[in-house]
Every structure is written in structure tokens, then in C-alpha cells.
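Spelled out, the chains give:
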Amino acid sequence: MKKKVLVTGATGFTGGYLAEELVKKGYHVKALSLPNQDKSRLEKLGVEVIIGDLTKKDTLSAAVEQVDTVYHIAAIFREQDVPHQLFFDVNVGGTKNLLEASVDAKVRRFVHCSTVGVQGEIKNPPADEAAPYNPGDYYQQSKVEGEQLALKFFKENEIEGVVFRPVGIYGPGDTRFLKIFKFVHSGKFRMIGNGNVLYHLTFVKDLVEGIILCGEKPEAVGEVFTLGGNEYVTLTEFIKLLAEAMNVPVPKKHVPLWPVWVAAVICEYACYPFRIKPPLYRRRLEFFTNDRAFDISKAKRILGYNPKVPLKEGLKITADWYREQGML
Ligand SMILES: NC(=O)c1ccc[n+]([C@@H]2O[C@H](COP(=O)([O-])OP(=O)(O)OC[C@H]3O[C@@H](n4cnc5c(N)ncnc54)[C@H](OP(=O)(O)O)[C@@H]3O)[C@@H](O)[C@H]2O)c1
């Protein structure tokens, strides 16, 4: 009999890759899916799709029934123009519902997907798992609360628990990073500031291997792991690699940070009375000002995590996919 596992978020980017890899590894994969989603891709893979909604606890018992390991990947993350409360309803309330349903169904292990965003702006890069929580927005705050809830729940209940925090996930299928690819591809990219901040990503297929190690390794229980790529680079180097991956000229133009920052402040104050979203705001500049570099040595040491795809190669694979899809 194949071991049953549940993947939440399997209709999304990371969860889709994870479900596919688990099928390849011989698991019976169940996927929780909201109603009215296209499940044909999952069904073709042989995934058993269970309709449910994390915010409705009574819809979750069929999903966790006879399941050995739950991989909880689903979250509200990319959604724009939805009430902030939805982030907390799904990322905190939904996690609680799934944890409770899992304990009731005697699930053995629960692997919870958090994010390095719970550590927000990094003071001394690279940050390891012990760096303090420092969420910078409501999404990150909801992920802090979801992670803390899961860690507390693991201590107080009969279930093996593991938390992993991915570093920015990219690869074919993702559209979040498309914007930066497009800017560089079109020649419109301008570096704001000196470009010396650090930038770190995770290729989705490497990440999925790490997630499965969190589900399989006995040593993982009770731990929190940062899962990222092998390399982090300066933003200047990153933009150069991106241009090379798309075979376009490397952008050379710089804009000083402070005038853009002042313009952002003015935009924020001008738009506030009219309750409209400013076209430029300070948080938007964080791409150019905040270090994102993380230490993945704990996952390497304890899990045997071994990301294989170099950044240069991953960017090329992703750029080629965007081209094939007509997105670039
Ligand atoms: N992408 C990144 O760079 C990044 C970085 C760090 C951490 N993470 C974390 O990694 C995880 C996956 O990210 P992703 O980029 O793959 O996300 P994604 O593509 O947006 O997928 C999110 C999934 O969650 C599902 N979902 C949302 N609300 C739900 C609900 N109420 N009930 C059941 N399912 C629900 C979505 O279902 P529908 O398809 O039906 O909408 C979708 O399948 C998330 O936990 C995210 O916080 C992502």
C-alpha cells in the first residue's frame, strides 16, 4: 500500500511541483483544492483531489483521512486587492483548522510552510533560523502568527512537526518574478542606489527536494529550516546574470536613491487623503535597499539538503519558459 500524503496549495506554484514530485516518489498524493479550480493537471498526474477550504474546518476531515504526512503549502500570498483580514483568516485560522483536523485524524507528521519574510529586513546578513522575527507587512505578520501557532501546537499535541522557511521561489510556472525579468528584457531597468544589497532566491525544484526531506527525515522533527539556493549575490550581479540569461545588454544606468525616496514620501502623503494606492511608495524601494541573504547550513547539515541548480542556470530555465509562454 502506498503511503498517503496531503499537499495543500497543490493548485498553486510550489504545491504543484511538490505534488508532482511526491507522485514520482511513489506516494499516494491527496491535494486539497478550493472549489471551482482547474484540477485537470493534478488529476492527470494521478493526484486524488479533495475539495475543501482551509477556512472551513468541516471541509478538511476528508483531506486528512488516512494521511501519514501533511505538507501545508497553501497560503494567501500573491493576492492583491483582497481584504488584509483574509491573510490572517487563511494563513493563521486556516493553519489552525488544518492542524486540529490532522491531530483528530492521527496524522503522523505535519510539515508547515512559512517564509524567510517572517524575519523581514535582515540586519546582519546572512540570517540563520535564529535571527529574530521582524515582519514588515501584513502578509509577513500573518506568516509569523501561522508559524508560531504551528510550533506551539507541535509542542502541545501528539504530532511530529517541522517548519521550513523558503527564500524567494522562482522557476517555470512562477509569475511573481516576471516583472523584473520584463524590466531587464525591455531595457527599462534602472538600478536605484548602489546595487550592493544582497539578493537570494530558491529554484523551485531544489526547494521541493528540501520540503520532502522535511517530511521524511526523522532528524527534522521539532526543527525550523531555512531553504534557499546555494548562492546569494549583490543586486548588481543578479541583474547582470538576469540580462545574460535572456541574452540582452546588461543595464548600466543608476539613479541615486535619495531623490526617489523623497518622491516616494511625497506620493504617499499626496495619495493618502484620497485613499488611493500611491504609484511609488517607500516599501516598493525595499527591493533596492534591503539585504536578502540567508544561511542554509542547518538544512544542509541536518536534512542533507543539497540545492543543485546554480542561479545562472535557474534564471536561464525560467527565462526560456517565459519566452515559450509568450510572456517575454
Ligand atoms: N513564492 C515565493 O517566493 C515564496 C517565498 C517564501 C514563502 N512562500 C510560501 O510558499 C507557499 C507557496 O507559495 P506559492 O508562491 O507557491 O503560492 P501560490 O502559487 O499563490 O499558491 C497558494 C495556494 O494556496 C491555495 N489557497 C489559498 N487559499 C486557500 C484556502 N482558503 N483553502 C485552500 N487552499 C487555499 C491556493 O489555491 P487556489 O489555486 O485555488 O487559489 C494556491 O493553491 C506559501 O505558503 C507562501 O507563503 C512563497
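This write-up is about the structure you can find in this document. The structure presented is a predicted model; accordingly, all values stated were derived computationally and were not measured. (Residues numbered from 1 in each chain as written. Predicted model: local features only at pLDDT ≥ 70, side-chain atom pairs only at ≥ 80, totals over all residues. Heavy atoms only, no water.)

1. Notes on the environment of Glu160
Going by this rule: Helix and strand labels come from DSSP, where a helix needs a run of H or I of at least four residues and a strand needs a run of E of at least two; each type is numbered from the N terminus. When checking whether two residues touch, look at their non-hydrogen atoms; a contact exists if any pair is within 4.5 Å. What qualifies as a polar contact is a pair of N or O atoms within 3.5 Å, subject to a donor-acceptor requirement within protein and to the restriction that residues adjacent in sequence count only when both atoms come from side chains.
Here Glu160 is to be found in strand β6 (residues 160-166). Taking the C-alpha atoms as reference points, Glu160 and Ala220, separated by 60 residues in sequence, lie 9.1 Å from one another. When near neighbours in sequence (up to four residues on either side) are disregarded, Glu160 contacts Arg108, Arg109, Phe110 and Val221. A polar side-chain atom of Glu160 sits 2.9 Å from a polar atom in the side chain of Arg109.

2. Let's talk about the pairing of strand β3 (residues 48-51)
Heads up, the condition is: The criterion for strand pairing is that DSSP finds at least two bridges linking the strands in question. If you view a crossover with the strands going away from you and the path from the first strand over the helix to the second runs clockwise, you call it right-handed.
Pairing of strand β2 (residues 28-33) with β3 involves four bridges; the strand directions are parallel. Residue pairing in the sheet places Ser33 in a bridge with Ile51 of β3. Between β2 and its parallel partner β3, the chain crosses via helix α2 (residues 40-45), and the hand of that crossover is right-handed.

3. Considerations on the site of the ligand
Using the following cut-off: Consider each residue's heavy atoms; a residue with any of them within 4 Å of a molecule or strand counts as near. For the area figures, the Shrake-Rupley method with a 1.4 Å probe applies, and any residue is considered shielded solely by the protein chains shown.
If you check the shell around the ligand, you find 25 residues, and the closest are Thr11, Thr14, Arg78, Tyr139 and Arg176. Contact distances for the ligand include 3.0 Å between a nitrogen atom and a backbone N or O atom of Leu54. Taking Lys143, its side chain carries an N or O atom lying 2.8 Å from an oxygen atom of the ligand. Protein contact buries 92% of the 900 Å² of open area that the ligand shows by itself.

4. Considerations on the packing of helix α8 (residues 235-246) against helix α12 (residues 311-324)
Worth spelling out the cut-off: As a rule, the C-alpha atoms of each element are fitted with a line to give its axis, helices using only the stretch in contact, and angles between N-to-C directions run from 0 to 180 degrees. For classification purposes, an angle smaller than 35 degrees is called roughly parallel, one larger than 145 roughly antiparallel, one from 65 to 115 roughly perpendicular, and anything else oblique. Handedness of a crossing follows from how the near helix is turned relative to the far one, being left-handed for an anticlockwise turn of less than a right angle and right-handed for a clockwise one. When residue character is reported, Ala, Val, Leu, Ile, Met, Phe, Trp, Tyr, Cys and Pro are called nonpolar, Asp, Glu, Lys and Arg charged, and the others, Gly included, polar.
Between α8 and α12, whose axes approach to 8 Å, the crossing angle comes to 50°. Viewed along their axes, α8 and α12 adopt a mutual orientation that is oblique. Both α8 and α12 take part in a crossing whose hand is right-handed. In this structure, α8 uses Phe238, Leu241, Leu242, Ala245 and Met246 to contact α12, whose residues at the interface are Leu311, Lys312, Leu315, Lys316, Ala319 and Arg323. Taken together, the residues of the contact of α8 with α12 break down into eight nonpolar, no polar and three charged.

5. Overview of the side chain of Ser114
Inclusion rule: Relative accessibility thresholds used throughout: buried, under 20% of the residue-type maximum; exposed, over 50%; partly exposed, between the two (1.4 Å probe, protein chains only).
Secondary-structure assignment places Ser114 in the loop between β5 (109-113) and α5 (138-156). On the accessibility criterion, Ser114 (3% relative accessible area) is buried. Within the local environment of Ser114, its side chain forms a polar contact with the side chain of Glu147, the two groups lying 2.6 Å apart. In contact with Ser114, not counting residues within four places along its chain, are Lys143, Glu147, Val163, Phe164, Arg165 and Pro166.

6. Considering the packing of aromatic side chains
Rules: Within 6.5 Å between ring centres, the rings of Phe, Tyr and Trp (the latter by its six-membered ring) count as paired, and their orientation is classed by plane angle as stacked under 30 degrees, edge-to-face over 60, tilted in between.
All chains considered together, the criterion is met by 12 aromatic pairs. Look at Tyr199 and Phe238: their rings are 4.5 Å apart centre to centre, the planes differ by 50°, and that puts the pair in the tilted class. With a gap of 39 residues between them, Tyr199 in strand β9 (residues 198-200) and Phe238 in helix α8 connect regions that are remote in the sequence. Across the pair, Phe238 and Tyr199 agree in class, each one buried.

7. Remarks on the sheet that holds strand β11 (residues 224-227)
If you walk across this open sheet you meet the seven strands as β3-β2-β1-β4-β5-β6-β11, and the pairing is parallel. Sheet topology places β3 and β11 at the edges, where each strand pairs with a single neighbour. For this sheet, the mean inter-axis angle between neighbouring strands, taken without regard to orientation, is 20°. Where β5 lies against β6, five bridges are found, and the strand directions are parallel. Bridge pairing links Val111 to Val162 in β6. Across the sheet, helix α1 (residues 13-24) lies against β1 (4-8), β2 and β4 (69-72), angled at about 165° from β1, the strand it touches most.

8. Details of the nonpolar core
Put simply, the rule is: Definition used in this section: a nonpolar core is a set of buried Ala, Val, Leu, Ile, Met, Phe, Trp, Tyr and Cys residues joined via side-chain atoms within 4.5 Å.
In this structure, Leu18, Leu22, Tyr71, Phe164, Ile211, Leu227 and Leu303 are the most contacted members of the largest nonpolar core, which totals 35 residues. Secondary structure elements with two or more residues in this core: β1, α1, β2, β5, β6, α7 (204-216), β11 and α11 (297-303). With near-sequence residues (within four places) excluded, Tyr71 lies in contact with Val5, Leu6, Val7, Thr8, Leu18, Leu22, Val111, Ile211, Ile212 and Gly215. In this structure, Ile180, Ile192, Phe238 and Leu311 belong to the second largest nonpolar core, which totals 33 residues.

9. Brief notes about the pattern of salt bridges
Where we set the bar: Should a side-chain nitrogen of Lys or Arg be within 4 Å of a carboxyl oxygen of Asp or Glu, the pair is scored as a salt bridge.
Enumeration over the complete set of coordinates arrives at 16 salt bridges. With its nearest N and O atoms 3.3 Å apart, the salt bridge here joins Lys152 to Glu156. Here Lys152 and its partner Glu156 are both found in helix α5, four residues apart, which amounts to about one turn of the helix. Note on accessibility: Lys152 and Glu156 belong to one class, exposed.

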